[in-house]
Structure formats: structure tokens, C-alpha cells
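# Commentary on secondary and tertiary structure
Given next are the chains, with one letter for each unit.
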Amino acid sequence: MINFKNEIAKAISKVTDIDVKELETYIEIPPNSDLGDYAFPCFKLAKTLRKAPPVIAAEIKENIGIDGEIIQQIDIVGGYLNIHINKETLVENVIKEVLEKQEKYGSSDIGQGKNVVIDYSAPNIAKPFHIGHLRSTVIGGALYKIYNFLGYNSVGINYLGDWGLQFGKVMAGYDMWKDEYDFTKNEIQSILKIYVRFCQEEKEKPELTEKAREYFKKLEEGNKKQVETWEWIRKISLENYQKTYKLLNSKFDSYNGEAYYNDKMDAVVEELKEKNLLKESEGAQVVDLEAYDMPPCIIITSAGTTIYATRDLASLKDRINKYHFDKAIYVVGNEQRLHFKQVFKVLELMGYPEYASRCEHVPFGLVVDKDGEKIGSRKGNSIFLEDILKEAIQKVEKIIDEKNPKLENKQDVARKVGVGAIIFNDLSNSRIKDEIFDWDMLLNFQGETGPYIQYIYVRTRSLLEKSSYTPELEKLNFSNLKEREAVEIVKLLYRFNEFVEMAAQKNEPSIVARYLIDVAQSFSTFYNEHKIIAEDESIQQIRLALTYCVGIVLKSGVELLGMEMPNKM
Ligand code: ARG
């Protein structure tokens, strides 16, 4: 496909002798397409060429020689060259490319041979699932697919919180109260209840905390009974998470969690000692980070135990050895910002600056209700993500029953729309912002929502079906797609890959989500203003081809976010 930016840069380079790559970085896209399709700010060259921007603009325009094939018209406005490209060339390029590549359209191989390790989801076993873990699961899952689409090899790691004092609490509680709870079905609920109760009671009875410590110590020492209980709790928790992961289309290549690193931490501690990085502070072993304006990173506590940071260092070393990663991304809430800064710094000081620079914490905001109140923060209020997803599906089922009771595969559609609504709501704003969780808003078929995009896609399907359309290149007369609204769509489709790459570069799936809203809205505008099933056969052909291409991009796009597309709804 023609790279218009590059073509324009090449043309300007010929008349200015400035490097194409440099020129390319200056080219902008005007906010209003009446001004042109691309704009070149001539003041960027004023220093090099020692001329005033308007003079440069006039000279470039004079000498560039408009070929008409790519550049059709150049206007000078202030120090800017406003460039109008040939729309027929654009339309032909985009439609041909989408038809040729189909669901691969927009993908690339810039990541070929590179591993991206994505640490996401990572719930804490035996503790209530925090809604923040839903965000991590959804954001990480989208990044996983986005990187793969760009040719990277994504490695999804679910670094389970499967070790720690919480097990001591559950085990102690279990021994005391197991007869009071039902373990015949939904054991996981009972385990959580025990955990929550234990946390409440230990506030008044500090001896309970001591008890939990004893249980956990036994587990650490490998006591058979505790180890078996631990395995059991881990197993049923994982089975429970799997239901959620299945609904969300989350994929993990490894479930090596904190426990997996228990016997791999000594080596890290040794290495830190050897490299003279450990020092004693108030009975603990720490890496001093004062020079970097950070509190010390604790490696061994004053009680002699290893801690979260120690395990993360061990897992990092393991990931370096296993994956030689090009990037290591940690999709974890914003409250752990300092932790990751410290861990990455320690890795650097240990002598791995190259790998440390490839690590990135990808934080995200809280989940709040529409009044800004934090969701799921109340004590003892354990939310199961699976329940939220099921509720979404039920709500959509109800909507379908009202609006389209005869729909086939109702349940399947409700699942795709309900789960899609939750995923899209999570990804539609930049991740660092708090996510507003409000049922009416996220299920609004007219809003900037998942269901809206699915609805527009279903629209494209029914148009194509009604006219039994199959794309045939020879029938397409590209000059017949001229309407401003149509060209706007084509320009967006043209930039699909650019947005996906940007999303990867910033680890920001919302860039893809916003893009899909733009595509859906611009299709809706076109559709409202122009008949797609038109009187003129040739016009109808090209409009249907555009409709078809919009469908392809919308479908690929939502799949990158982890959603599924219904064919009818
Ligand atoms: N389980 C942790 C938590 O819920 C998140 C783990 C994130 N990953 C990591 N490598 N530290 O807070």
C-alpha cells in the first residue's frame, strides 16, 4: 500500500535536500480535513534552510511538481503547506489492500523474532478477587493480542499470588471453623468467607495472627498436611479463575506464580551479596536506593523472610533466561508504582541495565461507580468477576428479549455483547484514569460502547447480506467513492495499522478502542446520509465494498481488545 507520508516526504526531500526520515516526522494530519489530508510545517526547516517559513513554503510548492497521482493540490496557509492527496488513489489502495489481506489487514511484522513478556491478571489466591484484577486481565489480554498482531511473540504470564500469610490465615480458620461452612459445593466461596472472617476476628484477637504465622511456617517447612491443603486451595481457585478467563478470552502461557520462586530466591540473595549490594538496616537486608531518591528495597525482612520484591527479582532473572525478552510489561495497579521502580533499579544495579531498560510497569486507575466511589473496597465484600460477567450477559439477554425476541442463538449473542460491554468499558479511556463502572452507561447501544460498535458491525453484515454481496475487484470503480463522509472512512481505515502500533508503543489499548469508535461513528454518518443500496449499480458496488471493509476492520479491532463480534443482534 502506498505510504502517503513517505511519498510526500520524498517529494519534499527532492527539492530541499533534507533527509526523508526527518521530514516524515514533521508531517502532520490537520484536525479538519477541509484544510487538507496532510500538513507540512515549514518553520521546522527555517533554521537549516535559513529562510522564512512562507518563503520555504512557496519554494517547495513551486518546485515540487504536482503529479496528480499522489499529491493533487497544495495550499499555502501561513508557514504551512496543506496537502490534498488524490482520493481515488487512496480509495483504491485501501480497498484493494483490505480485500486482499482480509482479517490480517492492519497487522505487521515489526515485532518479528522479539519476545514480549506480559505479566497480567495475577490474582491473589485465597483472598477475594479484587476488581483491579479485572482491569489487569482485560488490559493485559488486549496487549497480548495487539503485540501478536504486530508480529511479536507475546508471552502471557499469570504471576499468581499463590504464597504468603493469607494461606496461614485460611488454614488456621479452616481448622477452627470448617464445620460451619459448606464444602460440598462452591468450596471457594467458603474459603473466602473463612479468610474474610479471620481478618475481621484477628483485629480483636491478635493471637490469631500468631496462629496464622505458625500455620504458614509449617507450610514453608513443607509439612505434608499444609502442603496438601495449599495445593487444594490453589487448584480450586485456578478452576474458578478459568471460568472468568474463558469468558474474557484471556490466554496465559505460564501460571508460574510467587510460590514457583520459593526455591529460586537464595540465588538472587547470593548474587546481591556477591555484588556488594546488600546492607543491613534495622535488622533487615536491603538495597540502598537513596542515590536514586527512593526508599531502600527490602530483600530480607528483619524476621528473616524473603518478600514480594525478592520474588519479583527471582522471576525477572528467570524471565531473562527463558525468554531473552525484548520487553517485559507489568500490568499492575498504580499503587505498585514504587515497587516496580525499585525492582527495576535493583536489576540494573545487579548488572543487567539492558534488561532493566526493557522493563515497564503499565499502571492503571481504580474502578469507581458513577459517584466516584471506589468499587469493591468494602470489607468482606468479595466480588467474583465471573458474577459480574454473568450479570452483564443476563442484562443483555433481557434487552434482546425486549427488542428482538426472535433472534437466533440468543445466549451466544448475549455473551458476546455482555462480556464485550465490560471489556470495552475498561479499555475505552486511557488506562491511568479511573474506570467508571455504570451498567446503564456501559450497555448503552448508542453510546461510545462495545455494544455500539457491535451494533454497527451487525448493520454492515445485514447490508451485505441483503444484497448478497461478495467483493469482486473487477466490478469496482474507485472513482465512484467521492463523498466526503466516505473518504473520511477510507482515511481512517488507511490508518488502522498506525493506531495499533501506537497502542503497542504506549501500551495503551484505549487507542484501538477510540479508533474503533471513530470508525463506527463515521460509518454511521455515511450510512445516514447516503444510500448504500443505491440506484446506480456501480455506485452500489463501491459503497458495499466500503461497507465490507469497515466490517473487517471493526471485527479485527474488537478481537484485538479481547471481544467477540456477533453476526446478528
Ligand atoms: N498479585 C499481585 C497483587 O495482586 C500482583 C502481581 C503483579 N505481578 C508481579 N510480578 N509483581 O497485588
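Residues numbered from 1 in each chain as written. Predicted model: local features only at pLDDT ≥ 70, side-chain atom pairs only at ≥ 80, totals over all residues. Heavy atoms only, no water.

## Section: unusual backbone geometry
- Backbone geometry places Ser-121, a non-glycine residue, at a positive phi of 75°.
- Locating Ser-121 in the fold gives a position in the loop between strand E4 (115–119) and helix H6 (131–149).
- The residue Asp-293 is not glycine, and still its phi comes out positive at about 60°.
- Relative to the helices and strands, Asp-293 is located in the loop between strand E7 (284–287) and strand E8 (297–300).
- For Asp-293, a relative accessible area of 76% puts it in the exposed group. (Helix = DSSP H or I, 4+ residues; strand = E, 2+ residues; numbered from the N terminus. Buried < 20%, exposed > 50% of the residue type's maximum accessible area, 1.4 Å probe, protein only.)

## Structural notes on the sheet that holds strand E2 (residues 71–77)
- In spatial order, the strands read E1-E3-E2; together these three strands make up an open sheet with antiparallel pairing. What marks the edges here is a single partner per strand, and that holds for strand E1 (38–41) and E2. Here the average twist between neighbouring strands, direction ignored, is 25°.
- Of the strand pairs in this sheet, E1 and strand E3 (residues 80–85) are connected by four bridges, and their pairing is antiparallel. Residue pairing for E3: Tyr-38 is matched across the bridge by Ile-83. (Pairing = 2+ DSSP bridges. Axes fitted to C-alpha atoms, helices over the stretch in contact; angles between N-to-C directions.)

## Some details on helix H16 (residues 410–427)
- The end-to-end C-alpha distance of H16 is 25 Å, a good match for the 26 Å that 18 residues give at a rise of 1.5 Å each.
- Of all 18 residues making up H16, 14 are buried, and the element is well covered by its neighbours. (Expected span 1.5 Å × (residues − 1).)

## Brief notes about the side chain of Asn-115
- With respect to the helices, strands and loops of the structure, Asn-115 is situated in strand E4.
- At 2.9 Å, the side chain of Asn-115 and the backbone oxygen of Tyr-323 are in polar contact.
- Not counting chain neighbours up to four residues away, the residues in contact with Asn-115 comprise Asn-153, Tyr-323, Phe-325, Asp-326 and Lys-327. (Polar contact = N/O pair within 3.5 Å; in protein donor to acceptor, adjacent residues only side chain to side chain. Contact = heavy atoms within 4.5 Å.)

## A word on the packing of helix H18 (residues 450–466) against helix H21 (residues 510–529)
- Two numbers describe how H18 lies on H21: the axes approach to 9 Å, and their chain directions differ by 45°. The orientation of H18 relative to H21 falls into the category oblique. As H18 packs across H21, the resulting crossing turns out to be left-handed. Where H18 approaches H21, its residues Tyr-452, Ile-453, Ile-456, Arg-459, Thr-460 and Leu-463 are matched on the opposing element by Leu-516, Ile-517, Ala-520, Gln-521, Phe-523, Ser-524 and Tyr-527. (Parallel < 35°, antiparallel > 145°, perpendicular 65-115°, else oblique. Left-handed = near helix turned anticlockwise from the far one by under 90°.)

## Quick look at the pattern of salt bridges
- As enumerated under the stated definition, the model contains 45 salt bridges in all.
- A salt bridge links Arg-543 to Glu-483, with the shortest nitrogen-to-oxygen separation between them at 2.9 Å. Here Glu-483 lies in the loop between H18 and helix H19 (484–494) and Arg-543 lies in helix H22 (residues 537–560), a separation of 60 residues in the sequence. In this structure, Arg-543 and Glu-483 share a single accessibility class: buried. (Salt bridge = Lys/Arg side-chain N within 4 Å of Asp/Glu carboxyl O.)

## Some words on the environment of Asn-334
- Locating Asn-334 in the fold gives a position in the loop between strand E9 (327–331) and helix H13 (337–349).
- Looking at Asn-334, the relative accessible area reads 30%, which means it is partly exposed.
- The sequence separation of Asn-334 and Gly-365 amounts to 31 residues, and the corresponding C-alpha distance is 6.3 Å.
- In contact with Asn-334, not counting residues within four places along its chain, are His-361, Pro-363, Phe-364 and Ile-432.
- A distance of 2.9 Å separates polar atoms of two side chains, one belonging to Asn-334 and the other to Arg-337.

## Topic: the site of the ligand
- Taken together, Asp-119, Ala-122, Asn-124, His-133, Tyr-159, Tyr-308, Asp-312, Tyr-330, Val-332, Gln-336 and Phe-340 make up all the residues around the ligand.
- One of the side-chain N or O atoms of Asp-119 is found 2.9 Å from a nitrogen atom in the ligand.
- Between the ligand and Asn-124, the relevant distance is 2.7 Å, taken from a nitrogen atom to a side-chain nitrogen or oxygen of the residue.
- Its free accessible area being 350 Å², the ligand has 90% of it covered by the protein chains. (Near = heavy atom within 4 Å. Areas by Shrake-Rupley, 256 points an atom, 1.4 Å probe, with all protein chains shown as cover.)

## Observations concerning the confidence of the model for the chain
- Of the residues in the chain, 99% reach a pLDDT of 70 or more, and the chain-wide mean stands at 95.
- Across residues 377–381, where pLDDT falls below 50, the model places three contacts with residues more than four positions away in sequence or in other chains. (pLDDT = per-residue confidence, 0-100.)

## Examining the nonpolar core
- Phe-40, Ile-95, Ile-453, Leu-493 and Leu-554 are the most contacted members of the largest nonpolar core, which has 155 residues in total.
- Examining the composition of this core, we find that 12 residues originate from one element, H22, more than from any other.
- For Ile-95, the contacting residues outside a window of four places in its chain are Leu-476, Phe-478, Leu-481, Ile-542, Ala-545, Leu-546 and Cys-549.
- Listed in part, the 37 residues of the second largest apolar core include Cys-297, Tyr-330, Phe-340 and Ala-356. (Core = buried A, V, L, I, M, F, W, Y, C linked by side-chain atoms within 4.5 Å.)

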